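Per-entry structural report
One-letter residues, chain by chain:
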Amino acid sequence: TLRGSFARKAQKPNQSSHHGLQLQASYKVAILGAAGGIGQPLALLIKMSPLVSALNLYDIANVKGVAADISHCNTPSQVLDFTGASELGNCLKGVNVVVIPAGVPRKPGMTRDDLFNINANIVKTLVEAVADNCPDAFIHIISNPVNSTVPIAAEVLKQKGVYDPKKLFGVTTLDVVRANTFVAEKKNLKLIDVDVPVIGGHAGITILPLLSKTKPSVSLTDEEVEQLTVRIQNAGTEVVEAKAGAGSATLSMAYAAARFVESSLRALDGDGDVYECSFVQSDLTDLPFFASRVKLGRKGIEAMIPSDLQGLSEYEEKALEALKPELKASIEKGIAFAQKQP
Ligand code: NAI
C-alpha cells in the first residue's frame, strides 16, 4: 500500500538532515501521457514513493507545468519533463517501470472498444519507443481497450525482438480496488482487510470478480453476488456517466495504478511476497491473454496461480465461459491490428 509513503513525520529540530528520505530510492519510473486526467494524479502519487529516484513525465502537451509543480514536493525523486517525439527516447533511457495512460478516455454511451482506432496507434508508437530505449522495463498498459492494447504491445515487442511476456502488464488493479470497496461496503467489513481477485479482462462482462474467493471469506446470497458482479463490471461506466462527458475514472485509476507501480517496485527490490491481478500473457485458459493473480519478482512475473481458477462457484464458472468469446475477439483484434502494420 501507499500508506508508508505518507506516514513520514516532520523532522525533529536536532535530527541530522536528508538521510532517511534518500536511502531507499533507486528506481526510475516513466509515465507516458503524464499530463492527462490519470497521468497527473498518478505522477503525484508516484512522487510520494520512497523507492523512486527519478520520475520522467512525457506527454505531447502541457507536461512542463505538471513536472514543475510536482517537482516541488520534498520527496526523493527527481522529476523531469519530456515532450514531443524527439524527447521520448531520452525519457525512457534507463527506466525500470514504464506506465502508459496515454490516449482518449470514454464519453457517455461509449464502450472501451470505441477507443480502439485512436488508442491502438498511440500504444503502438509508444511501445516501439519502449522497445528501442528500455526493453528490460516492466510495462504497465492503462490505455483502453486494455483487452486489445496489451496484445498490440506484445506484437510490437515481438517485432522488435525484445518481448518478455513476464514484463508486460495490462493494469486491471482498478477492478480489484472497486471490488474490494464494494464488497466491504455491502458486508460492513474493514476495507483494509478485504481482497477480491478479479480475472478475465478489463471491459464489461470480461471483468469477472471471484467473490467466492474473497479474503476474508464472506457469505453472499445469489442476489448479492449478481448485484456486486454487475456493479463491479459497470463501475467504470458509473464514473463516465457521473462525469457526463468530462472523461472516465482518473483519480481512483491513479490510485490503482500507483498501487501497481509500488508493487512492481517492491518486487524489483526483492520483496518475495508481492501478488497482484493483471491482464497478462497466460496459459491458465485457452486464451493467449488473461487477467489473474500473478506473483511478481525481480524479473517480472515469477509465478501464475492456477489454483485461483479451481473451485469456482457455479455462477463464476458460467460467467467465465460467457466472457471468453468477447475477450478472444478483442485479443485477436489487437493482434491483427499490429500484424497488418507496415
Ligand atoms: P486524458 O485525455 O485526460 O489524458 C490522456 C493524455 O494522453 C493527454 O494528456 C494526452 O495529451 C496524452 N496523449 C495523447 N496521445 C499521446 C501520445 N501519442 N503520447 C503521449 N501522450 C499522449 O485521458 P485519461 O482520463 O487520463 O485516460 C487515459 C486512458 O486511460 C484512456 O484510454 C482511458 O480509457 C484509460 N483508462 C484505463 C483504465 C484502466 O482501468 N485500465 C481506467 C480508466 C481509464
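Just so you know, these numbers come straight off a predicted model, no measurement behind them. (Residues numbered from 1 in each chain as written. Predicted model: local features only at pLDDT ≥ 70, side-chain atom pairs only at ≥ 80, totals over all residues.)

With that settled, consider unusual backbone geometry. Here the amide bond leading from N144 into P145 is cis, since omega sits at -5°, within 30 degrees of zero. With respect to the helices, strands and loops of the structure, P145 is situated in the loop between β5 (138-141) and α7 (146-159). Cis geometry is found at the peptide bond from K215 to P216, where omega equals -5°. The backbone phi angle of N188 is positive, close to 60°, even though this residue is not glycine. In this fold, N188 is placed in the loop between α8 (173-187) and β7 (198-200). N188 sits in the exposed class, given 6 other C-beta atoms within 10 Å. Of note in the backbone geometry, A244 takes a positive phi value of approximately 45° without being a glycine. As for its placement among the helices and strands, A244 is situated in the loop between α9 (222-243) and α10 (251-268). Under the C-beta neighbour-count criterion, A244 is labelled exposed, with 9 such atoms within 10 Å. (Helix = DSSP H or I, 4+ residues; strand = E, 2+ residues; numbered from the N terminus. Buried ≥ 20, exposed ≤ 12 C-beta atoms within 10 Å, placed from the backbone.)

So, on to the nonpolar core. In this structure, V29, L57, V98, A153 and A257 are the most contacted members of the largest nonpolar core, which totals 103 residues. Of all the elements, α10 adds the most residues to this core, at 10 residues. Excluding anything up to four places from it in sequence, V29 contacts I46, V52, L55, V95, N96, V97, V99 and V261. (Core = buried A, V, L, I, M, F, W, Y, C linked by C-beta atoms within 7 Å. Contact = placed C-beta atoms within 7 Å.)

All right, on to the site of the ligand then. Contacts to the ligand come from 33 residues, most closely from G33, G36, G37, I38 and N144. Ranked by the residues each element gives to the shell around the ligand, the list is headed by helix α6 (residues 116-133), at four residues. (Near = placed C-beta within 6 Å.)

So, on to helix α4 (residues 63-70). For α4, the complete set of buried residues consists of V63, V66, A67 and I70. Down the axis of α4, the smallest arc covering the buried residues is 95°, so these residues share one side. Every exposed residue of α4 that faces more than 90 degrees away from the buried side is listed here: G65 and A68. For α4, the secondary structure elements touched by its buried residues are α3 (39-47), β2 (52-59) and β3 (78-83). (Arc of directions from axis to C-beta.)

Per the UniProt record, "domain: Lactate/malate dehydrogenase C-terminal" (unreviewed entry) is found at residues 172-337. Within the segment residues 172-337, helix and strand shares are 48% and 17% respectively, and the terminal C-alpha atoms sit 22 Å apart. (UniProt positions renumbered as here; feature names shortened; annotations may be inferred.)

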